[in-house]
Amino acid sequence: MQNMKAKNRNMGLDFLKFLCAFLVICIHTDFPGQAYVDALARIAVPVFFMITGFYYTDTQSRNNRKGQIRKIWNITLLANLLYLLWELCSQWLISGSVTKSLSQWCDWQVWLRFVVFNESPFCSRLWYLGALLYVLILAALAEKAGILRKLYF
């Protein structure tokens, strides 16, 4: 089974994902000459979306839409929990208290923005995971309604 997966891998797309991951890191770090790389690096996230779309027909053929949605949900949940812990530890080390962070997260509007507008209260950089999750859910719903092909246009 493992050899079958290795044979079916598109090494070119794997390299492109590696390159895009590096470009995303470049966006979020400071280094000499960043201004020259930044314009090119901005293509990374749209390319990640395109690669996911490219593989979506494979996900459909394996009837694994729910599995893919569950996988992205779990990654999103884990990433938010890790950033929550990071924020709490940072706040505690800096001020000796976590009440400031906790009081910010008790506001219902924070959670409404999280669910409706995909604004993570713990890390704004997690928007991509939520956006990917929403797109996969919408694609699955469109497919179930029989209108997915119409959306390709």
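Structure: above.
Calculation notes
Residues numbered from 1 in each chain as written. Predicted model: local features only at pLDDT ≥ 70, side-chain atom pairs only at ≥ 80, totals over all residues. Heavy atoms only, no water. Patch = residues over 30% accessible without salt bridge, like charges linked within 9 Å, V, L, I, M, F, W, Y side chains within 5 Å. Areas by Shrake-Rupley, 256 points an atom, 1.4 Å probe, with all protein chains shown as cover. Salt bridge = Lys/Arg side-chain N within 4 Å of Asp/Glu carboxyl O. Helix = DSSP H or I, 4+ residues; strand = E, 2+ residues; numbered from the N terminus. Phe/Tyr/Trp six-rings, centres within 6.5 Å; stacked < 30°, edge-to-face > 60°. Buried < 20%, exposed > 50% of the residue type's maximum accessible area, 1.4 Å probe, protein only. Core = buried A, V, L, I, M, F, W, Y, C linked by side-chain atoms within 4.5 Å.

A.B. asks: What should I look at first to understand a nonpolar patch on the surface in this one?
C.D. replies: A surface patch of nonpolar side chains, amounting to about 920 Å² of accessible area, comprises Trp108, Leu112, Val115, Val116, Phe117, Tyr134, Ile137, Leu138 and Leu141. Only α7 (108–117) and α8 (127–145) provide two or more residues apiece to the nonpolar patch. Considering each element in turn, the nonpolar patch owes the most residues, five residues, to α7. The residue Leu112 is located in helix α7 in this model.

A.B. asks: How should I be thinking about the pattern of salt bridges in this particular structure?
C.D. replies: Oppositely charged side chains are able to pair whenever their charged atoms sit close together. Evaluation of the coordinates by the stated rule reveals five salt bridges. Note that Arg62 is salt-bridged to Asp58, the shortest N-O span being 3.3 Å.

A.B. asks: Is there a simple way to explain the packing of aromatic side chains in this structure?
C.D. replies: Given two aromatic rings, their pairing is described by the distance between the two centres and the angle made by the two planes. Counted by the stated rule, this structure contains eight aromatic pairs. Ring centres of Phe49 and Tyr128 lie 4.9 Å apart, and the angle between their planes is 55 degrees; this geometry places the pair in the tilted category. With Phe49 in helix α4 (residues 44–61) and Tyr128 in helix α8, this pair connects stretches of sequence that are 79 residues apart. Look at Tyr128 and you get buried, because its relative accessible area is 17%.

A.B. asks: Is there a simple way to think about the nonpolar core in this case?
C.D. replies: One recurring pattern in soluble globular proteins is that nonpolar side chains are buried together. By size, the foremost hydrophobic cluster in this structure holds 21 residues, and its most contacted members are Tyr56 and Leu136. Top element by residues in this core is α8. It accounts for seven residues.

A.B. asks: Help me understand the environment of Gly96 in this model?
C.D. replies: Locating Gly96 in the fold gives a position in the loop between α5 (65–95) and α6 (99–105). Owing to a relative accessible area of 48%, Gly96 belongs among the partly exposed residues under this scheme. When the C-alpha positions of Gly96 and Phe22 are compared, they lie 35 Å apart, and in sequence the two are 74 residues distant.

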